[in-house]
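# Observations on the model geometry
Residues per chain are reported as follows:
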There are 4 protein chains.
Amino acid sequence: MSGNTFGTIFKITSFGESHGTAIGGVIDGCPAGIKLNFDFIQSELNRRKPSQSFYTSHRNEEEKVEFLSGIFEDITTGTPIAYLIKNSDVKSGDYESIKTTYRPSHADFVYDAKYGIRDYRGGGRSSARETASRVVGGAIAKHFLQKHNISIMAYVCQIGNIKLEKHYSEIDLSTIEKSEVKCPDIEISNKMIDLLHEVHKSFDSIGGVITCVIKNVPAGLGEPVFDKLTAQLAKAMMSINASRGVSFGEGFYSAQMKGSEHNDEFIIRDNKIRTKTNHSGGIQGGISNGEDIYFNIAFKPTATIFKEQNTVNTNKEETTIKPKGRHDVCFVPRAVPIVEAMAAITITDFFLIQKGKVL
Amino acid sequence: MSGNTFGTIFKITSFGESHGTAIGGVIDGCPAGIKLNFDFIQSELNRRKPSQSFYTSHRNEEEKVEFLSGIFEDITTGTPIAYLIKNSDVKSGDYESIKTTYRPSHADFVYDAKYGIRDYRGGGRSSARETASRVVGGAIAKHFLQKHNISIMAYVCQIGNIKLEKHYSEIDLSTIEKSEVKCPDIEISNKMIDLLHEVHKSFDSIGGVITCVIKNVPAGLGEPVFDKLTAQLAKAMMSINASRGVSFGEGFYSAQMKGSEHNDEFIIRDNKIRTKTNHSGGIQGGISNGEDIYFNIAFKPTATIFKEQNTVNTNKEETTIKPKGRHDVCFVPRAVPIVEAMAAITITDFFLIQKGKVL
Amino acid sequence: MSGNTFGTIFKITSFGESHGTAIGGVIDGCPAGIKLNFDFIQSELNRRKPSQSFYTSHRNEEEKVEFLSGIFEDITTGTPIAYLIKNSDVKSGDYESIKTTYRPSHADFVYDAKYGIRDYRGGGRSSARETASRVVGGAIAKHFLQKHNISIMAYVCQIGNIKLEKHYSEIDLSTIEKSEVKCPDIEISNKMIDLLHEVHKSFDSIGGVITCVIKNVPAGLGEPVFDKLTAQLAKAMMSINASRGVSFGEGFYSAQMKGSEHNDEFIIRDNKIRTKTNHSGGIQGGISNGEDIYFNIAFKPTATIFKEQNTVNTNKEETTIKPKGRHDVCFVPRAVPIVEAMAAITITDFFLIQKGKVL
Amino acid sequence: MSGNTFGTIFKITSFGESHGTAIGGVIDGCPAGIKLNFDFIQSELNRRKPSQSFYTSHRNEEEKVEFLSGIFEDITTGTPIAYLIKNSDVKSGDYESIKTTYRPSHADFVYDAKYGIRDYRGGGRSSARETASRVVGGAIAKHFLQKHNISIMAYVCQIGNIKLEKHYSEIDLSTIEKSEVKCPDIEISNKMIDLLHEVHKSFDSIGGVITCVIKNVPAGLGEPVFDKLTAQLAKAMMSINASRGVSFGEGFYSAQMKGSEHNDEFIIRDNKIRTKTNHSGGIQGGISNGEDIYFNIAFKPTATIFKEQNTVNTNKEETTIKPKGRHDVCFVPRAVPIVEAMAAITITDFFLIQKGKVL
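What counts as what
- Residues numbered from 1 in each chain as written.
- Chains lettered and ligands numbered in written order.
- Predicted model: local features only at pLDDT ≥ 70, side-chain atom pairs only at ≥ 80, totals over all residues.
- Heavy atoms only, no water.
- Helix = DSSP H or I, 4+ residues; strand = E, 2+ residues; numbered from the N terminus.
- Buried < 20%, exposed > 50% of the residue type's maximum accessible area, 1.4 Å probe, protein only.
- Contact = heavy atoms within 4.5 Å.
- Areas by Shrake-Rupley, 256 points an atom, 1.4 Å probe, with all protein chains shown as cover.
- Lys, Arg positive; Asp, Glu negative; His and termini not counted.
- Charge placed at Lys NZ, Arg CZ, Asp CG, Glu CD.
- Buried area = accessible area lost by both parts, 1.4 Å probe.
- Salt bridge = Lys/Arg side-chain N within 4 Å of Asp/Glu carboxyl O.
- Polar contact = N/O pair within 3.5 Å; in protein donor to acceptor, adjacent residues only side chain to side chain.
- Nonpolar A, V, L, I, M, F, W, Y, C, P; charged D, E, K, R; others polar.
- Pairing = 2+ DSSP bridges.
- Core = buried A, V, L, I, M, F, W, Y, C linked by side-chain atoms within 4.5 Å.
- Expected span 1.5 Å × (residues − 1).
- Arc of directions from axis to C-beta.
- Axes fitted to C-alpha atoms, helices over the stretch in contact; angles between N-to-C directions.
- Least-squares fit on C-alpha atoms with pLDDT ≥ 70 in both.
- Phe/Tyr/Trp six-rings, centres within 6.5 Å; stacked < 30°, edge-to-face > 60°.
- Lys NZ or Arg CZ within 6 Å of the ring centre and 35° of its normal.
- pLDDT = per-residue confidence, 0-100.

Looking only at helices and strands, chain A has seven helices and 18 strands in total. Summarising its shape, the C-alpha atoms of chain A cover approximately 65 × 50 × 35 Å along the three principal directions. In chain A, which comprises 359 residues, the proportion classed as buried is 70%. Partitioning the intrachain contacts of chain A with sequence separation of at least 6 by distance along the chain shows that 70% fall at a separation of at least 24. As displayed, chain A offers around 11,000 Å² of accessible surface, 46% of which is attributable to carbon and sulfur atoms. On chain A, the mean spot of the 43 positive side-chain charges and the mean spot of the 42 negative ones are 2 Å from each other.

See the structure below:
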């Protein structure tokens, strides 16, 4: 548990600071023989890029990924795939003020407490810029999953108190990317945008919730006891910056349910054992049962806001801060491809682990 | 990720099936020199034992832990601590009916899908009986934490739609164990018991929510990026049977909040950097900040109910099932010591990991 | 790296002290569906048992293994296989003298240096008794390997200065077990026995060398760079008590060879790519090439001898020691099944890892 | 065991192919607060560089390391240190002939067997060029070790049949780098150079042996049972290209010794518990005892020679090969800094692991 590697067979190691030379990663354990679609990988990165809307950071990064190893004639060779994304639009001057003053609810203070030293420029390692590395890893994992017909789609189901109450199964998920805030309901999407304008004007920020849906996962993925599929997916999601909660299937609502309501009856469909309902969200006893996997992730509002706040400095003196720099009014829509990436990495890893479980 | 080991430095490996010879575990990486209080360890196990109330399984297990190694003259030696709990009250005959019929929302089907074979007696490896192993591991971890003044307390804050709405900081946590359902509010506790009677009479089961509070964790625990303290605690909690969601601090409610509401201002208290509020639940950027850590875990209702339900059998034929055996109307109160155990193991591991982080 | 677990997919965790309640282990990641032959497992343990000859420890242990979990109707279920071997013939009184006096070249001192506490009875955790756990794990691994036609055989090729100079391919390996010292050449075997009598009479001990041969490993096992098959096998062998060196194929002699002598020409045999010679010992670039894998392991003489030796005590005073207790004149013949066990565990693990490497 | 990562707390992940864009690595778990000396790091790399002598490959690489992350104002921050070394002098045309023909004793065939695909240019991932990444990691580890006064020095003690018979303790190790072949005895060094000229003229290659000495390791490093210091160092050494054997202290000679000869008596020196002799090579029971650690590593001759050899091609046809390209007559002197690097990484990791072992 070094902090910067995730996975057992299909492993991603992430590196890089917001304002260092580059961020990047190493994918180890990717099966050999996968033909990579580099346009697709770049398009996944573009979904996460800042500067796409009024409500996102104005940092203007090309975010072009360069691959260094593990690929020969566009095909994975089974050796580690290293890649980097150079940091170009770096305005470190913006961050001098936070060198000695801790931004409330930001990671500045805890990094100092942990390491005794901190690259304060742009939040250093704690910046969400790091997640671009994960999106590259997720895009590679998606190549593998596609060969097994597994699809992953995430969307924004809540921003502030604007909620998309419909169940994912009632929604046309193909419309997600049409929404500026990744909400596949045009009406709700517009309300969310209105809310973001309002929050933006008041120099504030706001949180939200993402739903993720994974289809066609075969029954049998996930390990008993500690490495349940729910457990590892929860870890994957809670490793994303600003996430505050995760829930599967009926989630917290299941606490109110009776067994007779929550249980999913087994039925035979197309000569396969399936369930009639899917309150379990595709995972029972920590192992996939072949039904759609779905879960929600809650995100708190971005810590950096452009209002003056009380805080302390590194000399343990009380002071105030009014940060400059470039930040998101709401990071949640940009987190959609990150959620998908972490889900893709997790499912690929479990898929490969399962290969060794039976004779 | 073999499924049965948790932790990096302080590691627990769990083994055993519900109706096999014994369940047990191995703790590896426990620091040498800790004097163990065996009465305390047994008392922790007793908190989880069935047959304590009308609403729990009537399985009558002594649940006496025997230690096999790693301890010399009552002191840990730094070598692996192995232990076992024999299975005595085993009525495997009760389970013949589930040999070929899948209980809805139980792990029977997915184990068959995963392994092609299953010890069906009492749910085998998927039985919550396995969690007794974790409670022993947690009790050992608590010895370590106590030396560092860290305390962990969990309680039931919801069963069905009966909720304890108060914040943990307004509650006298010393009363938890006085409640038959581990709810430290006598009035709410009584309502919960009434509800359980009702559910019991209707041969049904019901879910609930647990709150866990960890005090005096030093700032700096938790690793950046993938092994955030939130991420690993979430994994720990979601590895507990029937858990369906986990949330930290304001949790899902944080999605509705603005940055100006959610941010915790830093202040100086007792010459230490502290926060004025604690919406973050003691963890910022995935790293502890020295404030109380608190989080909620949602549990679905027990899958086994004593009503007839539609299902299928191993021959892919539709049929019905009306399970016999011994099961909990509500498992949530018994999950309280399990939640504490997994939290204790996780915090101890991060504490030891942190030792190597600075020169 | 907790010290007590070995492997990635097929993992063994070992526990127990020489004079504690029991030693034992947990095998995690064993594929489901393997029918176990318990007589075979016990017969493997019997090969390692003391009290079989004049030159081995007179400790009289039944060494009967009891399985606790992971097996249902004699078949592995994919869940952890826990087992224990009770310590019965425990004469701790014999060891009171070593409580405060460090035996030269024994692990007493370093355990104190490491942990600040030590179970001194019979060497505690550092006793070779621990290796019985590995033999059980190896016996289970051999079930898996047998299904893939892979065989592992080890024999003693040197004790003191008595050497079996023949190459393994010139020897009838089926005669190994007929030799009291596990040397498959009757003449050399007798000379070794003579030497052991001599050493025994002089209250001394002596070292030796084991050769291990693994047949029918498919090409492609072993990971590039750090986890080469040579590297992991070397670790496996050097983890055995008293081992001091390991070498593959031509081993240290290869340092004297020229490329034109050492290189193994590729040829086509039975329509397969094979090598004409096998100086490489079946492993090239850290990966198996389908030829026989063979390697040697050197063992130093048993540290405990029944002569008076100078040493120091725990008070840092110089003193002498003349140990009592029960010890081997030469441990090397008893190490043969341990070498095979560690090889079996290693090859099984790599076999399972390889399953996830290609699409 | 992904193959490309080594270590538990102090971890190195290596990536890159001989003729790809770059090779490089990621160091995770390096303690924060270490001021790096970049000139030293580059000087370590220079010790491994080709084109330094007639007997090494004529590949002309600048081998300049670029750091991408984990360092702020020349000080380690505790976050992952990523770095790369660009491949500049790439003559892939030289390698077209080996695209379809397997070089005897090279890794070409086994990579195809393992992955079904291979970057054949310059040996791809199996090239010793990869080891430059390790030298960077080792140089960083040496910064840590230096703070604890631990030194690591390796030298060539044998090339072909020319051996430096003296014990390391009789040699002036400060002269190692003065020898073109890293042998700290001018006479033997000259004989080795003569031998290399001879081998060079006959278009052949030759093997050798390296001795490594580690001073001032505190007693107590190394884990019991599987992760003995000997075991992990053996793995580290056997992970180096072309290594064929490793031995500690008296090594294979210890097999001929009696206990009374091999045992190291404990004495009191400077009020510390020390040993009178050091046959054990500083490691007893797998744990350091405070004495000098020393061990030997055997290397086979470079597989690529400029003579015609019989082999087969990817179509399973017998053919001949006479490789072009740039290769070492003897790689052993260039392996000296690699041996030191792997030793430094291993000792640093065990040092950090030990921090969590006692209260």
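Additional details are given in the paragraphs that follow.
Our focus in this paragraph is the interface of chain A and chain B. Opposite the 111 residues of chain A that make contact, chain B presents 112 residues. Between chain A and chain B the total buried area reaches about 8,900 Å² when both faces are included, carbon and sulfur atoms providing 60% of it. Summed over the shared surface of chain A and chain B, the number is four salt bridges. When the shortest N-O distance is used, the salt bridge between A:Asp227 and B:Lys235 registers 2.7 Å. At the boundary of chain A and chain B, one finds 51 residue pairs in polar contact (both at pLDDT 80 or more). Its residues assigned to classes, the side of chain A that touches chain B comprises 45 nonpolar, 44 polar and 22 charged. Pairing of strand E11 (residues 243–248) of chain A with strand E11 (residues 243–248) of chain B, which is carried by three bridges, proceeds in the antiparallel orientation. For A:Ser247, the partnering residue across the bridge sits in E11(B) and is B:Gly245.

Within the largest apolar cluster, 369 residues are counted, with the highest numbers of intra-cluster contacts made by A:Phe295, B:Phe295, C:Phe295 and D:Phe295. D:Phe295 has contacts with D:Ile210, D:Thr211, D:Cys212, D:Ile214, D:Leu233, D:Met237, D:Val246, D:Ser247, D:Phe248 and D:Ala343, leaving out every residue within four places of it along the chain.

Turning next to the pairing of strand E12 (residues 266–269) of chain B. For E12(B) and strand E13 (residues 272–275) of chain B, the ladder comprises four bridges, and the chain directions are antiparallel. Note on E13(B): the bridge partner recorded for B:Phe266 is B:Thr275.

Right, let's get into helix H4 (residues 186–201) of chain D. Since the α-helix advances by 3.6 residues per turn, residues separated by three or four positions end up pointing in the same direction. Residue and element names in this part refer to chain D. For H4, which comprises 16 residues, the first-to-last C-alpha distance of 23 Å matches the rise-based estimate of 22 Å (1.5 Å per residue) to within 8%. Ile 188, Ser 189, Met 192, Ile 193, Leu 195, Leu 196 and Val 199 are the residues of H4 that are buried. The arc enclosing the buried residues of H4, seen along the axis, measures out at 165°, which places them on a common side. Pointing more than 90 degrees away from the buried face of H4 are the exposed residues Ile 186, Glu 187, Asp 194, Glu 198 and Lys 201. Looking at the buried positions of H4, the neighbouring elements they touch are strand E8 (151–159) and strand E9 (162–163). Two or three places before Glu 187, at the opening of H4, Asp 185 has a side-chain oxygen 3.1 Å from that residue's backbone nitrogen. A positive backbone phi angle near 55° is found at Phe 203, which sits one or two residues after H4.

Residue and element names in this part refer to chain A. Spatially, the five strands line up as an open sheet ordered E1-E2-E3-E7-E4, and their pairing is antiparallel. Among the strands making up the open sheet, the edge pair consists of strand E1 (5–6) and strand E4 (65–67). Strand direction decides the pairing type here: strand E2 (residues 11–15) and strand E3 (residues 22–28), joined by five bridges, are antiparallel. Its bridge partner being in E3, Lys 11 is matched across the sheet by Asp 28. Contacts from helix H1 (residues 38–48) reach E4 and strand E7 (81–86), with the element oriented near 140° to E4.

A few words on the relation of the copies chain D and chain A. Once turned by 180° and shifted 0.0 Å along the axis, chain D lies on chain A with an RMSD of 0.0 Å. Between the two chains, the operation in question is that of a two-fold axis.

Of all eight residues in helix H2 (residues 108–115) of chain A, seven are buried, a share of seventy percent or more. Every buried residue of H2(A) is accounted for by A:Asp108, A:Phe109, A:Val110, A:Tyr111, A:Asp112, A:Lys114 and A:Tyr115. Elements in contact with the buried residues of H2(A): E12, E13, strand E14 (283–284), strand E15 (287–288) and helix H7 (332–354) of chain B.

Glancing now at the interface of chain D and chain A. Listed as interface residues are 38 residues of chain D and, on the opposing side, 38 residues of chain A. Interface area, chain D with chain A, both sides summed: about 2,900 Å², of which 64% is carbon and sulfur. Looking at the side of chain D facing chain A, the largest losses of area belong to D:Leu68, D:Phe72 and D:Ile117, adding up to 21% of the total buried there. Here chain D is connected to chain A by zero salt bridges. One can count six residue pairs in polar contact (both at pLDDT 80 or more) joining chain D with chain A. Ranked by residues supplied to the side of chain D that touches chain A, first place goes to strand E2 (residues 11–16) of chain D with five residues. Considering only residue class, the side of chain D that touches chain A consists of 15 nonpolar, 15 polar and eight charged.

Superposition of chain A onto chain B requires a rotation of 180° combined with a translation of 0.0 Å along the rotation axis, giving an RMSD of 0.0 Å. Same-surface contact between copies: 100% of interface residues of chain A are shared with the interface of chain B.

This brings us to the pattern of salt bridges. Evaluated as defined, the whole model comprises 84 salt bridges over all chains. Taking the shortest distance from any N to any O, the salt bridge between B:Lys215 and B:Asp292 comes out at 3.0 Å. You can see B:Lys215 sitting in strand E10 (residues 208–215) and its partner B:Asp292 sitting in the loop between E15 and strand E16 (293–299), a full 77 residues away along the chain. Residue B:Lys215 is classed as partly exposed on the basis of its relative accessible area, which comes to 27%. Close ionic contact of D:Asp112 with D:Arg118 constitutes a salt bridge, the shortest N to O distance being 3.3 Å. You'll find D:Asp112 and D:Arg118 in the same group, each marked buried. It is possible to trace a salt-bridge network through shared partners that takes in A:Glu44, A:Arg47, A:Lys142, A:Glu177, A:Lys182 and A:Glu340.

Moving on: the pairing of strand E2 (residues 11–15) of chain B. Residue and element names in this part refer to chain B. The element E2 is extensively covered by neighbouring structure, given that five of its five residues are classed as buried. Side chains Lys 11, Thr 13 and Phe 15 of E2 all project onto a buried face; the interleaved residues Ile 12 and Ser 14 project onto the opposite face, where all are buried too. In the sheet, strand E1 (residues 5–6) pairs with E2 via two bridges, with the strands oriented antiparallel. Paired with Phe 6 across the two strands is Ile 12, which belongs to E2. Once E2 ends, the chain turns through six residues before running back antiparallel as strand E3 (residues 22–28), passing Gly 16 with a positive phi of about 115°.

Let's shift gears to the packing of aromatic side chains. Inspection of every chain in the model, using the stated rule, returns 46 aromatic pairs over all chains. The interplanar angle of 40° and the centroid separation of 5.3 Å between the aromatic rings of C:Phe248 and C:Phe295 together place this pair among those described as tilted. One end of the pair, C:Phe248, is in strand E11 (residues 243–248); the other, C:Phe295, is in strand E16 (residues 293–299), with 47 residues separating them in the sequence. Both residues of the pair, C:Phe248 and C:Phe295, belong to the buried class. Here the aromatic residues A:Phe38, A:Phe67 and A:Tyr83 are joined through ring pairs into a cluster of three or more. Above the plane of the ring of B:Tyr115 lies B:Lys114, whose end atom (NZ or CZ) is 5.7 Å from the centre.

On to the environment of C:Asp39, then. The residue C:Asp39 is located in helix H1 (residues 38–48) in this model. Considering only alpha carbons, one finds C:Asp39 and C:Thr131, 92 residues apart in sequence, at a separation of 19 Å.

In the predicted model, chain A carries a mean pLDDT of 93, and 96% of its residues have values of at least 70. Complex prediction metrics read pTM 0.97 and ipTM 0.97.

We now examine the side chain of D:Asn313. With respect to the secondary-structure elements, D:Asn313 resides in the loop between strand E17 (309–312) and strand E18 (318–321). By relative accessible area, D:Asn313 is classed as buried at 11%. Look past the residues within four positions of D:Asn313 in its chain and what remains in contact with it is C:Ile273, D:Thr100, D:Thr101, D:Tyr102 and D:Thr319.

All names here are of chain B. As for its placement among the helices and strands, Glu 170 is situated in the loop between strand E9 (162–163) and helix H4 (186–201). Residue classification places Glu 170 among the exposed positions, given a relative accessible area of 54%. A polar side-chain atom of Glu 170 sits 2.8 Å from the main-chain amide nitrogen of His 167.

With the exception of glycine, most residues fall at negative phi, and the peptide bonds are largely trans. We note that A:Lys316 has phi near 60°; this positive angle belongs to a residue other than glycine. Residue placement: A:Lys316 occurs in the loop between strand E17 (309–312) and strand E18 (318–321). Backbone geometry places B:Asp74, a non-glycine residue, at a positive phi of 70°.

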